[in-house]
Structure formats: C-alpha cells, structure tokens
Amino acid sequence: MSKVLVIGCGGVASVAIQKCCQASEVFTELCLASRTRSKCDELAAKLKGKTATKITTAQVDADDVNQVIALIRAEKPDLVMNVALPYQDLTLMDACLACGVDYMDAANYEPEDTDDPKWRAIYEKRCREAGFSAYFDYSWQWAYRKRFEDAGIMALLGCGFDPGVTQAYCAYAKKHEFDTIDTIDILDCNGGDHGYAFATNFNPEVNLREVSAPGSYWENGHWVEVPAMSIKREYDFDQVGKKDMYLLHHEEIESLAQTIPEARRIRFFMTFGQSYLDHMRCLEDVGMLSTTPVEFEGHQIVPIKFLKTLLPDPASLGPRTKGKTNIGCIFTGKKAGRDKKWAIYNVCDHQACYREVGSQAISYTTGVPVMCGALMVLTDKWRRPGVFTVDELDPDPFLDALDKYGLPRSIESDPVLVP
Ligand code: NDP
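Report follows, based on the coordinates. Remember, it's a predicted structure, so these values are computed and weren't measured experimentally. (Residues numbered from 1 in each chain as written. Predicted model: local features only at pLDDT ≥ 70, side-chain atom pairs only at ≥ 80, totals over all residues.)

### Description of the overall build of the protein chain
- On a plain count of helices and strands, the protein chain comes out with 15 helices and 18 strands.
- In summary, the protein chain has a C-alpha radius of gyration of 20 Å against a globular reference of 22 Å for 419 residues, a match within 12%.
- Overall size of the protein chain, expressed as C-alpha extent along the three principal axes, is 55 × 55 × 45 Å.
- Within the protein chain, the fraction of its 419 residues that count as buried is 47%. (Helix = DSSP H or I, 4+ residues; strand = E, 2+ residues; numbered from the N terminus. Rg over C-alpha atoms; globule rule 2.2 N^0.38 Å. Buried ≥ 20, exposed ≤ 12 C-beta atoms within 10 Å, placed from the backbone.)

### A short note on the sheet that holds strand β17 (residues 386-389)
- What the 7 strands build is an open sheet, ordered β3-β2-β1-β4-β5-β6-β17; its pairing is parallel. The two strands at the open ends of the sheet, each matched to only one other strand, are β3 (54-59) and β17. Between one strand and the next, the sheet's axes are offset by a mean angle of 20 degrees, whatever the strand orientation.
- Two strands pair when backbone bridges link them, and strand β1 (residues 2-7) and strand β2 (residues 27-34) are joined in this way by 6 bridges, in the parallel orientation. (Pairing = 2+ DSSP bridges. Axes fitted to C-alpha atoms, helices over the stretch in contact; angles between N-to-C directions.)

### Description of helix α5 (residues 117-130)
- Here α5 spans 19 Å end to end across 14 residues, near enough to the 20 Å set by a 1.5 Å rise per residue.
- A positive backbone phi angle near 95 degrees is found at G131, which sits one or two residues after α5. (Expected span 1.5 Å × (residues − 1).)

### With respect to the pairing of β2
- For β2, the buried fraction is high: 6 of the 8 residues fall into the buried class.
- Note on the crossover from β1 through helix α1 (residues 11-22) to β2: the handedness is right-handed.
- A crossover links β2 with its parallel partner β3, the connecting element being helix α2 (residues 37-47), and its sense is right-handed. (Right-handed = clockwise from strand over helix to strand, strands pointing away.)

### Let's talk about the nonpolar core
- Of all hydrophobic cores here, the largest spans 114 residues; its most connected members are V6, I7, M81 and A374.
- When residues in this core are grouped by element, the largest group, 12 residues, is from helix α14 (residues 361-378).
- Among all residues touching V6, those that are not within four sequence positions of it are A13, I17, L30, C31, L32, A33, M81 and V83. (Core = buried A, V, L, I, M, F, W, Y, C linked by C-beta atoms within 7 Å. Contact = placed C-beta atoms within 7 Å.)

### With respect to the pairing of strand β11 (residues 241-247)
- Strand direction decides the pairing type here: strand β10 (residues 232-237) and β11, joined by 6 bridges, are antiparallel. Looking across to β11, one finds that Y235 is bridged to K243.
- Hairpin connection, β10 to β11: the antiparallel pair is bridged by 3 residues, and Q239 has positive phi, about 65 degrees.
- In this structure, β11 lies alongside strand β12 (residues 265-271), joined through 3 bridges in antiparallel fashion. Residue pairing for β12: Y246 is matched across the bridge by M270.

### Observations concerning the site of the ligand
- Around the ligand, a shell composed of 34 residues is seen, among which G8, G10, V12, A62 and G160 lie nearest.
- Looking at the shell around the ligand element by element, the count peaks at 3 residues for α1. (Near = placed C-beta within 6 Å.)

### Things to note about unusual backbone geometry
- In this model, D162 is joined to P163 through a cis peptide bond whose omega is 10 degrees.
- As for its placement among the helices and strands, P163 is situated in the loop between β6 (154-157) and α8 (165-177).
- Located in the positive-phi region is E297, a residue other than glycine, with phi close to 45 degrees.
- Among the structural elements, E297 can be located in the loop between β13 (294-296) and β14 (299-301).
- Judged by local crowding, E297 falls into the exposed class, with 5 C-beta atoms found within 10 Å.
- Residue D380 is not a glycine yet carries a positive backbone phi of 65 degrees.

### Observations regarding the packing of helix α9 (residues 204-212) against helix α12 (residues 303-310)
- Viewed as axis vectors pointing N to C, α9 and α12 meet at an angle of 120 degrees, and their least axial separation amounts to 9 Å. With respect to α12, the axis of α9 lies oblique. Crossing of α9 against α12: the hand is right-handed. Contacts from P204, E205 and L208 of α9 reach α12 at I304, K305, L307 and K308.
- A breakdown of the residues in the contact of α9 with α12 according to their chemical character gives 4 nonpolar, no polar and 3 charged. (Parallel < 35°, antiparallel > 145°, perpendicular 65-115°, else oblique. Left-handed = near helix turned anticlockwise from the far one by under 90°. Nonpolar A, V, L, I, M, F, W, Y, C, P; charged D, E, K, R; others polar.)

### Describing the environment of W140
- Within the secondary structure, W140 sits in helix α6 (residues 139-142).
- C-alpha separation for the pair W140 and D89, spaced 51 residues apart in sequence, amounts to 9.4 Å.

### Quick word on the packing of helix α3 (residues 65-75) against helix α4 (residues 89-99)
- Closest axis-to-axis distance for the α3/α4 pair is 9 Å, and the angle between their directions is 45 degrees. Here α3 lies oblique to α4, going by the angle between them. Between α3 and α4 lies a crossing of right-handed hand. Contacts between α3 and α4 involve V65, V68, I69, I72 and R73 on the former and, on the latter, T91, L92, D94, A95, A98 and C99.

### Section: the environment of M245
- When you line up the elements, M245 lands in strand β11.
- With 15 residues separating them in the primary sequence, M245 and S230 have C-alpha atoms 11 Å apart.
- Excluding anything up to four places from it in sequence, M245 contacts L187, C189, R233, Y235, F269, M270 and T271.

### As for α1
- Taking 1.5 Å of rise per residue, the 12 residues of α1 would be expected to cover 16 Å, and the 17 Å separating its terminal C-alpha atoms lies within 8% of that figure.
- Counted residue by residue, α1 has 10 buried out of 12 residues, so it is predominantly covered.
- Taken residue by residue, α1 has G11, V12, A13, S14, V15, A16, I17, Q18, K19 and C20 as its buried positions.

### As for the environment of L277
- Tracing the backbone shows L277 in helix α11 (residues 274-285).
- With 48 residues separating them along the chain, L277 and M229 place their C-alpha atoms 8.9 Å apart.
- Not counting chain neighbours up to four residues away, the residues in contact with L277 comprise M229 and F272.

Structure below.
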C-alpha cells in the first residue's frame, strides 16, 4: 500500500506510470504532477478503468522548491519519483529533505543554464581536478548523502537503464560471476529506425548535450578524455546485427570506478547511424546546440531549446520505430584463479513496446527500471537512509523484477570482446 508522487509526464514517465499500474498491489495511489497538467490528465484518462491504482493529477513547477514542498505536504506520498529532467534533481531532493520523503530519479544532475557563473566556477574546478568535462556528474547529488542519512530517508539515483540496469548488471557480475573484474564495457545499441533523417529518442536537449560532449573512460585509476566521437568500434549485436558504436562519457562510469575499484578499465559505447552524426555535426557547427541565449528579432532565444521545438517529439516516435535495442555489459576478470569473460544484456523490441504501452523502446527501457527501482524502495528490498546509485544495492531482486516486468536478461558466457 504506497502512494507515489510522479514528477514529469513525458516519454519515460508515461511508461513508468503504466508499469506502476500493472503492480497496483504495491502502487495503490499515484499523483501525476508536471509543468503541463493536461498531459497528466490525458494519461490518467487513458488508464481509467484499466487499473486498480488510484490516479490523481496536479500542476507543479519542479524548479520551484516551495511549490514542490506544498505539493508533497498536500499529497503525503511515500516516494517522489523524478521523471522530469535532470535540471530538477536538486530542487526535488531539497523538497524531499524538507518533507522527510524518499526520492528517486533517472539521470544525474546537470544545470539548465551552463553559463551560470556560480555553477561554472565549480564545474571548471571539477574538470581540472577530476579530468572529464561532461556537464553532468554525481558530485552535486552525492553531496546530499549525510543530510539524507540524518533525515532517515533514501535517494535512489539514476535508476533507468543506463545508468541504472547497467549498474545492476555490474553488481550482479561482481556478486555472482567474478572474484575480481578487470574490464567493463557497457554497450548501448539502438537498432531501431524511425524513418526520420534526424530525431532524438529522448529529450533532445539532454540527449544532444550528452553526445556532443567529449568522450571519456576510466583507466588505471584516472579519467582519459578524448574528442567527441573520436573512438569508433563495430560490434555485432545479438538480434540487431553489426552497428558502429562510439565511446561516450557516461555517468555510471563515475560510480562504478568507486564500487568496483579493482576495474582497470571502464568504457561506455553507444551506436549512432551516419545520418544522425552528420546532422549533429552540422547543427553544432552552426551553433544550434548552444545553451547560450541569443537575441532574435527582439526576443532572447536559446538555440538548443528552439531546435527542440523543431524536432519530432520523442513520444511521437513510438508508432514509427521498428527494430530492437540491445543494451548490456561485457566483463573480463578472474573467477577461482582463472581468466573469465562474461556478458549480460537485454534485447527490447520497439514495436512490442508500442503495442504494450504506446511508446518506443528507449522510453520503455528507461521507464520499466524506474518502476522496478520504486518497487525495490517501497517493498523495503533496497530502502535504507542515504544517497545510493544502483551498483551499491542488491542486484538480485531488481533483476528478477526486470525479468518479470518486461526487460528480461540474456547471458553470454563467451562474448566477443571490444578491441
Ligand atoms: P521528456 O522531455 O519527454 O519529459 C520531461 C517531462 O518533465 C515533461 O513532462 C516536462 O513537462 C516535465 N518537466 C520539465 N521541466 C519541468 C518542471 N520545471 N516542472 C515540472 N515538470 C517539468 O523527457 P524524457 O521522458 O525523455 O526523460 C525523462 C528523464 O529520464 C530525463 O531526466 C532523462 O535524462 C532521463 N532518461 C534516463 C535514461 C536512462 O537510461 N537512465 C534514458 C532516457 C532518459 P512539459 O510537458 O511541460 O515539457
């Protein structure tokens, strides 16, 4: 018997909410709150009569901590599920602290305005000291650890697929398959085709910022940073086939370097088609990926926000996207004194997701782990005071829940390694 306050009602939220409604014995009540309330009302209307979960809706600006506090006090949820944007992570954590309520999200904090001088000074110091220059990192949210512990509440960070399930895969490998892990390669392959020359599979602003940033990986105890898209490999993915993939910076590398400290190298690769890369490079070259406002005919506009209004809404890609995703991890290391390699991954079919929840597989592979993570917290399998990433928690019940709710694992005991 639990009530969850869901913040945000976009692509990922829509899947997470529908999946919560499939487990209405735990998720007895949901309050859907977002900036645009009509989206919450539409989803609530779609689910009416199809679930035992009681659904209400509200309007909230999650950038305004006082509005969120007022909403939490009115709704009295057991958990705040942040499936809005990473920009809102800190205000929502502040509101949860003020109200003594557990918190979770799907991506780590980054600021909306990367030109803010106060944020930039801290960011530039971190770039120099840590050695990677992505806008997002865990330091902001890890700084809440003591306050969450003292308040006796939990924050579960980045519980989507990657980060999220990929960290559970690593925790599982460490718990069951290896005595020591030497290398980890996380591979995110989207073999889906939506028929557009250019579109992003989730929030365009967050997505384009991520892939246009320099790549980096963890090796021998420090970060190695390389120019964006400069390390390319080809890999033959189960049920998808051969795809080009590129090394990216990704948030789970940062937490895994701490939870699996013996790992000599941790890398993250994502597949991209040539058309996507060509469009992205042109847009970047002409300044359309910039977050700095420019004056246009008397108005201030942020180029990347304007671009977002031109691009297809990721939520609209569902009916058009055909093909499969294959996301997982390949490990090398030692077990009982012998060299070992091993891989674990999930294959997800875009059209099957669309038939089930009306979304493509990127929203699905994120929304299902969000729901399963909430399930772990609400059923006390993971719940403890403090701030945690998924690799710090028991992977077994979470992977069992993923198997049950639509993202079953596949195992490969002799995987092809990435050069
Ligand atoms: P969308 O852009 O589709 O949805 C975002 C939602 O948040 C919208 O409903 C939006 O409202 C709402 N929102 C934005 N700002 C505010 C605000 N200030 N107050 C209240 N609501 C707000 O994003 P996605 O669903 O694609 O992504 C959701 C999250 O999941 C993001 O953090 C993303 O980074 C993360 N993600 C994580 C992945 C993983 O594997 N870990 C993979 C993919 C995404 P409105 O409708 O008014 O715009």
